[in-house]
Amino acid sequence: MFRSRSLTARSSPPRGSAFAAPWLAGAALLYVLPMISAGGLATLHWNGVAIEDARFVGLANFRRLLTADPAAGRALARSAMYTAMSVPAQLAVGLGLALLIRGARRRQWWATLFYLPHVLAGVATILVWAWLLNPRVGPINALLAGLMRPLGFSASSLPLWLYSADAARPALVLMSCWHAGGAMLIFLAALLRVPPAQYESAALDGAGAWARFRHVTLPMIAPALLFNVLTGIVAAMQAFNAPFLLQTPPQRDALLFVAPYLYRCAFEQSDLGYAAAVAWLLFAVLLLFSGLLVAATRRWMRVEYSEAGT
Amino acid sequence: MNRGAVLPAAVAVLAAAYWLFADTVRFWTGAGAEAAAIRFSFWGGFDDLRMWERIIAGFERGRAGPRVRPEFLPISGYATKMQQQLAAGGAPDVMLYQDEPFAVVASQAFVDLSPAERDPELAAALADCYDSAVTSFRAAGVLRGAPFSGGNLLVYCNRRAFERAGRFHGRPVTLPADDWTLDEFIARCRALTFDEDGDGEIDQFGFLQPSWVYYQPLLWAHGAELLDAGRSGWRFVGPAAEAALEFYQRLRIDWRVTPAPAEFAGQNADTAFLAGRVAMCLNGPWLLPFLRETRLRDGFFVAPIPRGPGGRDTRATWDGLCIARTCTGPRRDRALEFVKYCLTPDAQRVVAEHERAIPARRSVADVWAAAAPQPAVRRFCGAMQTARLQPITPCWSAMDRALKRTFADVIADVPPRPTAAQAARDLAASPEIAGCFVPGR
């Protein structure tokens, strides 16, 4: 139903390459080339001041990373923990919103509204969140205080959010839900392509709302789910802006994830070679995990949109 | 694609590319005045920008040659941003550097100014500078930066907060005397801390707990030292170090006279002091222009460091001008000319007029202090005579990280919280300290 001739007709290869050329050039310049450079840099001991003072150390940086740097392991574990908390939360909110507006009358308006936070400038919204989560004057704690006072809780029992080692990560997870609009849009597109006939026949067979969601909706949107899971994991494991900007001493490094740790190695400890090794480790972990995830979920990915839509 | 559209499309792409990159190409190929200009980076606020614009205008007036292009950066992460530019091979020709990060990169990043020291004009200027200022910019005995301006730390007191405490207690809380002691400091902190409305939350705190760098004068007041004279041995162990850490801990945990970060969240040290959330804080002359523009203009007082068993020394800190090693040939000559100009009495007087820092040249600072209407200026200039240089070392970054962690741990709101003795031991054994310094006893 969404197909049109212009979209489905195969482009001739030269024209397709021409359209892809800007992206390919960008990818080569901004991703592939820096990756290769980082690979070379990872074999050097260099403090980032004068390149002529750099010293070739072979795989020593990788050896140190894997055997003698518990701080790197802790940073990776923190990132993994954050990912395990934030990705399901973002997906749940995204899917919930998509389900909510799927049948709404002004669906496009709602979709635009929920997607808006996703396009707002990152650093600006992070700073706004820092204020929202301010334990003294922030509206979130003011709201919680209002809700909890009748239950006999005092103001001192409210979370300190970014000023606490325990609440800093949950605060970041809360923030990540703000960006659920991206996942929502993809879920919405997938939901709209589920043939209504499938729901009707399931209902005729006596399936309730949950059974229809479990046995019709979820399998049909599985590719979108996998896509959102994968991109969510990659984004969460690479999280930098929010954890970097929102660090406070009482957190005791709770937000020192892999990417901020990499930055610290490079520009605070002046160890660029080692930082490049950390970057390569992160890349390897993500590549391995993505590969495993795709392989493990292959049997669920049976939906053909071209058929589903017809 | 229609063949007839190829040519216009190509022209449009080329025109867009020219519009986007022409300045960049001109800059890097050496065409135009921009390419010849000396790039000069500095940090600060709006007042610093105005000060540097005046100095640069003074330099360019009557001195033919490439102009100086100012590159203004916020102070937050300034050294890191410089480090990134150094790593990328695009560092500015002249950089304003703080003494702490200077030591980390000096030997590799900056030009040796020793030959220039033989220039009578520069030699005379350096001889007129505070000793600690010149020492700050020697790396392994080699001068790699020219001191420009500096400051030290004293205790700022918010008079209104003192008066408010007096009203709360029903008796005046007096401003500190010149010879006050650590015990009197504690007594003041406790008197200035109170819960005005009785809601269980403290409304005014006596003191704002500083980061370890600002805490150094109080650390010295306890007789503690971080490094030995050679700056290679770790000395922050033993009873004096433990006493200094315990004092820091008791201010927060036992006496509750300093707010936890969450208790002044959203404010920084300057605004917490301005708003009267804290009555006293340790700060330098760079707070003066900020206060001058506020309602606290005449409502603050600057007191010396309280005396302890180790004395009452304050900490001197200096900013200097360094020339990047990548700046060569005629550009280096022009950069050196600019650096020398910044040490002339004309440029140093501009520093004094902006009242943000103490000029590196004593003669200019003395004249300024004698004529300054603000007593605080005289106090800061006077304190500079006896201020101690902080322990600057090439291992500054590692030491800074370990000390920050230790100071955060001893005042953690939630246990486990190490004792002062345990914290000092853990600090000495930390990879950052044990890896950089010879253990002390």
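**Digging into the overall build of chain A**
When its secondary structure is counted, chain A shows 16 helices and two strands. Buried residues in chain A amount to 29% of all 310 residues. The long-range share in chain A, meaning contacts at least 24 apart out of those at least 6 apart in sequence, stands at 71%.

**Focus on the overall build of chain B**
Helix and strand counts for chain B stand at 21 helices and 13 strands. The C-alpha atoms of chain B give a radius of gyration of 25 Å, which matches the 22 Å a tight globule of 441 residues would have. Seen through its C-alpha atoms, chain B measures out along the principal axes to roughly 85 × 65 × 50 Å. Per-residue burial over chain B gives 45% buried out of 441 residues.

**Observations regarding the environment of P74(B)**
Looking at the secondary structure, you find P74(B) in the loop between β2 (68–73) and α4 (78–87). Separated by 31 residues in the primary sequence, P74(B) and W43(B) place their C-alpha atoms 5.2 Å from one another.

**Some points on the environment of A424(B)**
Residues and elements named next belong to chain B. When you line up the elements, A424 lands in helix α20 (residues 420–429). What makes A424 buried here is the crowd of 25 C-beta atoms within 10 Å. Taking C-alpha positions, A424 is 8.0 Å from T406, a pair spaced 18 residues apart along the chain.

**Quick word on the sheet that holds strand β8 (residues 205–207) of chain B**
Residue and element names in this part refer to chain B. With mixed pairing, the four strands of this open sheet are ordered in space as β8-β9-β7-β10. On the outer flanks of this sheet lie β8 and β10 (300–303), each paired with one strand and no other. Taking each pair of neighbouring strands and ignoring which way they run, the sheet shows an average axis angle of 25°. Inspection of the sheet shows strand β7 (residues 154–158) paired to strand β9 (residues 278–283) by four bridges, in the antiparallel sense. By the bridge assignment for β9, V155 is matched with L282. Of the strands in this sheet, β7, β9 and β10 are in contact with helix α9 (residues 159–169), which crosses β7 at around 55°. Against the sheet, helix α10 (residues 182–192) engages β8 and β9, with an angle of about 155° to β8.

**As for the packing of helix α4 (residues 70–102) of chain A against helix α8 (residues 168–177) of chain A**
All names here are of chain A. Closest axis-to-axis distance for the α4/α8 pair is 9 Å, and the angle between their directions is 30°. By the angle between their directions, the pair α4 and α8 is classed as roughly parallel. In the crossing of α4 with α8, the sense of the turn from one axis to the other is right-handed. Every residue of α8 that contacts α4 at M81, Y82, M85, S86, A89, Q90 and V93 is listed here: R169, L172, V173, S176 and C177. Residue classes in the contact of α4 with α8 are distributed as eight nonpolar, three polar and one charged.

**What to know about the nonpolar core**
With 179 residues, the main nonpolar core has V278(A), A244(B) and I323(B) as its most contacted residues. Both domains that meet at this core, namely domain 1 (31–150 + 317–389) and domain 2 (154–315 + 392–436) of chain B, each give it at least three residues. Apart from residues no more than four positions distant in its own chain, V278(A) is found in contact with L65(A), A72(A), V258(A), Y261(A), L262(A) and C265(A).

**Overview of the domain arrangement of chain B**
Residue and element names in this part refer to chain B. Split by domain assignment, chain B resolves into domain 1 (31–150 + 317–389) and domain 2 (154–315 + 392–436). Computed over C-alpha atoms only, the centres of domain 1 and domain 2 are separated by 29 Å. Each side of the interface is counted separately: domain 1 has 20 residues, and domain 2 has 16 residues. Mapped by element, the contributors of at least two residues to the side of domain 1 that touches domain 2 are α5 (99–109) and α18 (375–384).

**Quick notes on the pairing of β7(B)**
Residues and elements named next belong to chain B. Most of β7 is tucked away: five of the five residues are buried. When β7 meets β10, the two strands line up antiparallel, connected through four bridges. Bridging across to β10, C157 finds its partner in F301.

**With respect to the interface of chain B and chain A**
At the junction of the two partners, chain B supplies 20 residues and chain A supplies 20 residues. Sort the elements by how many residues they give to the side of chain B that touches chain A and α4(B) lands first, with five residues. Split into classes, the residues belonging to the side of chain B that touches chain A amount to ten nonpolar, six polar and four charged.

**Topic: unusual backbone geometry**
One non-glycine residue, D253(A), adopts positive backbone phi at about 65°. Summarising the element assignment, D253(A) is placed in the loop between α13 (241–245) and α14 (258–268). Even without a glycine there, the phi angle at A140(B) is positive, about 50°. Turning to its location among the elements, A140(B) is positioned in the loop between β4 (138–139) and β5 (142–143).

**Brief notes about the packing of helix α12 (residues 222–237) of chain A against helix α15 (residues 272–296) of chain A**
Residues and elements named next belong to chain A. Close contact between α12 and α15 brings their axes to 11 Å; oriented N to C, the two are set at 165°. The angle between α12 and α15 falls in the class roughly antiparallel. Handedness of the α12/α15 crossing: right-handed. Every residue of α15 that contacts α12 at V229, L230, I233, V234 and M237 is listed here: L282, L286, F289, S290 and L293. Tallied by class, the residues present in the contact of α12 with α15 amount to nine nonpolar, one polar and no charged.

**Quick notes on the pairing of β9(B)**
If a strand is regular, its side chains alternate between the two faces of the sheet. Residue and element names in this part refer to chain B. Burial runs high along β9: six of the six residues are buried. Both β8 and β9 contribute to a ladder of two bridges, which runs parallel. The residue of β9 that forms the bridge with F207 is M280.

**Some remarks on the confidence of the model for chain B**
Caution applies to low-pLDDT parts of the model: their predicted coordinates are not meant to be read in detail. With 97% of its residues at a pLDDT of 70 or more, chain B shows a mean pLDDT of 92. Scored by ipTM, the complex comes to 0.82, with pTM at 0.85.

**Here's the deal with the confidence of the model for chain A**
Residue and element names in this part refer to chain A. On average, residues of chain A score 89 in pLDDT, and 93% of them reach the 70 mark or higher. In this model residues 1–8 is a low-confidence stretch, pLDDT under 50, and it forms five contacts with partners more than four residues away in sequence or in other chains. Contacts of residues 305–310 to residues separated by more than four positions or lying in other chains number ten contacts, the stretch itself having pLDDT below 50.

**Points about the environment of F227(A)**
Following the sequence through the fold, F227(A) ends up in helix α12. F227(A) sits 39 residues away from A266(A) along the chain, and the two C-alpha atoms are 32 Å apart.

Criteria and cut-off values
- Residues numbered from 1 in each chain as written.
- Chains lettered and ligands numbered in written order.
- Predicted model: local features only at pLDDT ≥ 70, side-chain atom pairs only at ≥ 80, totals over all residues.
- Helix = DSSP H or I, 4+ residues; strand = E, 2+ residues; numbered from the N terminus.
- Buried ≥ 20, exposed ≤ 12 C-beta atoms within 10 Å, placed from the backbone.
- Contact = placed C-beta atoms within 7 Å.
- Rg over C-alpha atoms; globule rule 2.2 N^0.38 Å.
- Pairing = 2+ DSSP bridges.
- Axes fitted to C-alpha atoms, helices over the stretch in contact; angles between N-to-C directions.
- Parallel < 35°, antiparallel > 145°, perpendicular 65-115°, else oblique.
- Left-handed = near helix turned anticlockwise from the far one by under 90°.
- Nonpolar A, V, L, I, M, F, W, Y, C, P; charged D, E, K, R; others polar.
- Core = buried A, V, L, I, M, F, W, Y, C linked by C-beta atoms within 7 Å.
- Domains from an automatic or database assignment.
- pLDDT = per-residue confidence, 0-100.

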